[in-house]
Protein chains: 2
Amino acid sequence: MASTPEQLHHDDMQHTLREVQALLARQKLEEEVVHRQEMKNHELVESLVHKQNVARLTGKLSTLHPADIAFILEALPLEDRLFVWELIRGDDSQINDGEVLLEVSDAVRESLIESMEPEELVAAAEQLDADELADLAPDLPKQVMDDVYLGLDAEEREQLRAAMSYEEDAVGSLMDFEMVSVREDVTLEVVMRYLRRFDELPDHTDQLFVIDREERLLGVLPLHRMLINDPESLVGDLMLTDMLCLHPGDKADDAAKAFERYDLVSAPVANRDRRLIGRLTVATVVDFIREQSESELLSQAGLKEEEDIFASVWDSVKNRWSWLAVNLVTAFIASRVIGAFEGSIERLVALAALMPIVAGIGGNSGNQTITMIVRAIAMGQVQDDMFKRLLRKELSVALLNGLAWGGLLGILAAALYHNMSLGLVMTLAMTLNLLLAALMGVCIPMVLMRLGRDPALGSSVMITACTDSGGFFIFLGLASHLLM
Amino acid sequence: MASTPEQLHHDDMQHTLREVQALLARQKLEEEVVHRQEMKNHELVESLVHKQNVARLTGKLSTLHPADIAFILEALPLEDRLFVWELIRGDDSQINDGEVLLEVSDAVRESLIESMEPEELVAAAEQLDADELADLAPDLPKQVMDDVYLGLDAEEREQLRAAMSYEEDAVGSLMDFEMVSVREDVTLEVVMRYLRRFDELPDHTDQLFVIDREERLLGVLPLHRMLINDPESLVGDLMLTDMLCLHPGDKADDAAKAFERYDLVSAPVANRDRRLIGRLTVATVVDFIREQSESELLSQAGLKEEEDIFASVWDSVKNRWSWLAVNLVTAFIASRVIGAFEGSIERLVALAALMPIVAGIGGNSGNQTITMIVRAIAMGQVQDDMFKRLLRKELSVALLNGLAWGGLLGILAAALYHNMSLGLVMTLAMTLNLLLAALMGVCIPMVLMRLGRDPALGSSVMITACTDSGGFFIFLGLASHLLM
């Protein structure tokens, strides 16, 4: 039986985390005892209990997969995290700290890198492949990257340069270089003999790439086909040619969707003259999809980046302030709209109590419309010529909702304030604001799309700004004209 | 060279969609001409141009992958969609319509199933595997499912029953039954001979499952290892035993995270006595992750389910009304809070203009806190005992933001209304409401977690309700006490 890092079940992982936390707590207790007995620090380090604890912790950690170590580091407060990180970097552990750095989240990676000496960083980075190094590079000090670069051979330098030259959301920045390629004019038998010379095939090798002498991609040979066919068959007879072939400049999002549609495990990446230059694997695609959906959720609340829950107060304030500033501006504009109608409010103070309902429901309804349309655009299902059709539908939905809920609210308002006309104004204002929300909910993402911008970014703030100021204006304006 | 359904690059797919749309448009033009010439309908069907169009469309469609056909169906309005769907079901196309039904979104699937006769549905369903059938079953009429069930053999019935007995978010409902298993006491040579008897290995077979006579899982044999090792080696010597083994009752979300951590392509699913009963593949996991993140984004806007952009107005109203109703209730409560202070507003009408700012910024800030904490809970990084630490941090962030932005607003308000005390009240109210937002932003998800509920569901409405009513109460209450 062969041995690899253990793959933990969810429950076992939670258990491991608690075990590490318990060992850390015991360690702290020990330090406190030592502190009370006024022992010197080196005596603590020498103490038997301390050594036992550290050995147990190191032992536990070295059985873990780098991704699980990353999980544990992320779940620990800064002080404990750095203590554990020091153990991991120690000589006793057999852990590849470069791999761990790759697996942790951006915020945690920053805290770990800050705690390391340049030489340590160079050593950790040297354990990585060119494509992994490219991912880590932006977080490393320039001096460290220069040192690492000097240690690379010509091919790796070329790969690193290539991987770093693409946009973050391009296939080129996600691809790796670990592809196994074969010629079309050999038999499966020959391929099998060639493969037996490997100690290990690269992860996610579900197919071999078939290339000609100029390294141009001719097709792919799935491992399946190798296994179920006669060893005497020729690669060229068994290879598939209808496979997806990506270009390094393709959008990662489009590539991810192709992986989903065709249930791919890997896909070749070739440049414009069909020269094979790398491959994309489903593991990278899964990480990309997860990161993309995380950042979409975070950006909806105006959080710029994933914020480590143990981040300092100051880092959190920096992460959040710009969103609050934007909202403050829109809220202030809405407030000035109200200010313009202060005379009406003074005469009929009920307006002050009712106006936030009109604005709020408009915002909710507009966000529903915009969410639907942004989704449909992202799925590639919206073309320019659908504008009218979508607008007609959303306006109809808004009209129905406006009459129903606005009608109900109108009755409530009329009953509460014994004022029929106030109820009518309420119903009318609700309906008009929902229509405004539908109009803007269709226009904002469609216009952003035509301008070539990401329709998901900022459209929620814009619609809320419209329905707030618009709602106050419509309601107070109607009331001023019809009731005063 | 072998032939499989073509895998289209993103640009080619958009191109194909436009091609289909152009053919459909031409078809409609033709119908209109016929209509004007008052030909009868059967003459239209007989007309040469019509036949050519249909043949071209069918030809185009039959080269496509079922997932691409699904994409095209989703991007077409109902009428065109059903026209294309009829062509697909026709005898001329070689398309597996069961597969297409599996690939389309829920809303579109409903529209397609409604257009089909029971016999057609039975025929389509019979093309599917037991696990696929289980996915489709909830959407099929009972009579159809009964007929399909009668056509299954004993093993398939048992598999269907098993797949349908698990919760929607359990591994059991996502697994399939297409695993290839071998014994540990045979050589690779024997395994290879066994595999050559297959016409095709199941998709995503990256490893074989090693079982004993009682079908208990002993380990896994990656195809890699088979290829790089001596054919005389024994399976038992090469298999891995440290692999992840899932249980059918495990949460799909935890399983998906394990796939991400360990970069898996497939994983065995075994019951409590380690009997192998199925496997989970990365393709299913990718679909699950995508659906989960879609539904999270939709639920943030209170959309119950994915709404097809061509859905009828009435379906859209139904999908959206409950969220508007909930928000109406919370907005109404907030309105009554304002109502309680109408006397103060009458005396100082500036309060009406300023109060929405306090409530709005509180809501934004609270949503930031809750988004951070819900994310961290979902990642498994929050334990019960972290409550105090998180609260302390969030309150500090809120205090800083409150003093900074509240201070700025206070100065603005004081300048606008020439009223120093009003500015002070503004600053104080902003700070207090941000502190309230931080308190509730930590408490709501933590309490939901302790109650065993999903902290993502509804927490955004709750926090907005708190910061709206709370913001109005704090600001107007302070103003009434300090300014009147």
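Just so you know, these numbers come straight off a predicted model, no measurement behind them.

So, on to the nonpolar core. Judged by nonpolar contacts, the single largest core of 137 residues is most densely connected at Leu73, Leu246 and Leu280 of chain A together with Leu73 and Leu246 of chain B. Once residues within four sequence positions are removed from consideration, Leu246 of chain B is found in contact with Val171, Ala255, Phe259, Ala267, Pro268, Val269, Ala270 and Leu280 of chain B. Counting residues in hydrophobic clusters, the runner-up holds 78 residues, among them Ile345, Ala352 and Leu476 of chain A together with Ala429 of chain B.

On to the domain arrangement of chain A, then. Assigned domains within chain A: domain 1 (10-165), domain 2 (181-300) and domain 3 (313-483). Inter-centroid distance (C-alpha atoms) of domain 1 of chain A to domain 2 of chain A is 33 Å.

Of note, Gln368 of chain A is situated in helix α20 (residues 350-378). Residue classification places Gln368 of chain A among the buried residues on the basis of a relative accessible area of 1%. In terms of polar contacts, Gln368 of chain A uses its side chain to reach the backbone carbonyl oxygen of Gly302 of chain B, at 3.4 Å. Apart from the residues within four sequence positions on either side, Gln368 of chain A is in contact with Ala301, Gly302, Leu303, Arg320, Trp323 and Leu324 of chain B.

In this section: the UniProt feature "transmembrane region" (unreviewed entry) in chain A. According to UniProt, the feature "transmembrane region" (unreviewed entry) maps to residues 395-417, 423-449 and 461-483 of chain A in the numbering used here. Annotated as residues 423-449 of chain A, this span is 100% helix and 0% strand, and its ends, taken at the C-alpha atoms, are 39 Å apart.

What follows deals with the packing of aromatic side chains. Residues and elements named next belong to chain B. On inspection of all chains with the given rule, the structure shows six aromatic pairs over all chains. Ring geometry for Tyr194 and Phe198: centres 5.5 Å apart, planes at 85°, overall edge-to-face. Among the residues examined, Tyr194 registers a relative accessible area of 28% and is labelled partly exposed. Classification of Phe198 by relative accessible area gives partly exposed; the value is 24%.

Our next topic: the side chain of Gln207 of chain B. All names here are of chain B. Relative to the assigned elements, Gln207 resides in strand β2 (residues 207-211). Taking the relative accessible area as the measure of exposure, Gln207 reaches 10% and is therefore buried. The contact partners of Gln207, leaving out residues within four places of it in the chain, are Val220, Leu221, Pro222, Leu223, Ser266, Ala267 and Pro268.

Residues and elements named next belong to chain A. If you check UniProt for "domain: CBS" (unreviewed entry), the listed places come out as residues 175-238 and 239-295 in our numbering. Secondary structure across residues 175-238 comprises 28% helix and 20% strand; the distance between its end C-alpha atoms is 26 Å. From the first C-alpha to the last, residues 239-295 spans 39 Å; its make-up is 44% helix and 19% strand.

Now for the interface of chain A and chain B. Contact residues are listed per partner, giving 143 residues for chain A and 142 residues for chain B. Of the roughly 12,800 Å² buried where chain A meets chain B, counting both sides, 64% is carbon and sulfur surface. Considering only the side of chain A, the residues that lose the most area to chain B are Leu227, Ile309 and Gln368 of chain A, jointly responsible for 6% of the buried surface there. Linking chain A with chain B are eight salt bridges, by the criterion used here. With a closest N to O distance of 2.6 Å, Arg290 of chain A and Glu260 of chain B form a salt bridge. In this structure, the connection of chain A to chain B is made through 42 residue pairs in polar contact (both at pLDDT 80 or more).

Let's shift gears to a negative patch on the surface. Residues Asp129, Asp153, Glu155, Glu156, Glu178, Asp199, Glu200 and Asp203 of chain A make up a contiguous surface patch of negative charge. Mapped onto the elements of the fold, Glu156 of chain A is located in helix α11 (residues 154-164).

Here we come to the sheet that holds strand β1 (residues 181-182) of chain B. Residues and elements named next belong to chain B. Reading across the sheet, the three strands line up as β1-β2-β3 and stay open at both edges, with mixed pairing between neighbours. Lying at the two open borders of the sheet, with one neighbouring strand each, are β1 and β3 (217-222). The sheet contact formed by β2 and β3 spans five bridges and is antiparallel. The partner of Ile211 across the bridge, within β3, is Leu217.

Our next topic: the relation of the copies chain A and chain B. Once chain A is rotated about the relating axis by 180° and shifted along it by 0.0 Å, it coincides with chain B to within an RMSD of 0.0 Å. Between the two chains, the operation in question is that of a two-fold axis. Mapped onto chain B, 99% of the interface residues of chain A again fall at the interface, so both copies present the same surface.

All names here are of chain A. For helix α10 (residues 142-150), the set of buried residues is Val144, Met145 and Val148. Burial along α10 is one-sided: seen end-on, the buried residues are contained in an arc of 95°. Exposed side chains of α10 directed beyond 90 degrees from the buried face belong to Lys142, Gln143 and Leu150. Considering only its buried residues, α10 is in contact with α8 (118-126), α9 (130-136) and α11.

Analysis parameters
Residues numbered from 1 in each chain as written. Chains lettered and ligands numbered in written order. Predicted model: local features only at pLDDT ≥ 70, side-chain atom pairs only at ≥ 80, totals over all residues. Heavy atoms only, no water. Core = buried A, V, L, I, M, F, W, Y, C linked by side-chain atoms within 4.5 Å. Buried < 20%, exposed > 50% of the residue type's maximum accessible area, 1.4 Å probe, protein only. Contact = heavy atoms within 4.5 Å. Domains from an automatic or database assignment. Helix = DSSP H or I, 4+ residues; strand = E, 2+ residues; numbered from the N terminus. Polar contact = N/O pair within 3.5 Å; in protein donor to acceptor, adjacent residues only side chain to side chain. UniProt positions renumbered as here; feature names shortened; annotations may be inferred. Phe/Tyr/Trp six-rings, centres within 6.5 Å; stacked < 30°, edge-to-face > 60°. Buried area = accessible area lost by both parts, 1.4 Å probe. Salt bridge = Lys/Arg side-chain N within 4 Å of Asp/Glu carboxyl O. Patch = residues over 30% accessible without salt bridge, like charges linked within 9 Å, V, L, I, M, F, W, Y side chains within 5 Å. Areas by Shrake-Rupley, 256 points an atom, 1.4 Å probe, with all protein chains shown as cover. Lys, Arg positive; Asp, Glu negative; His and termini not counted. Charge placed at Lys NZ, Arg CZ, Asp CG, Glu CD. Pairing = 2+ DSSP bridges. Least-squares fit on C-alpha atoms with pLDDT ≥ 70 in both. Arc of directions from axis to C-beta.

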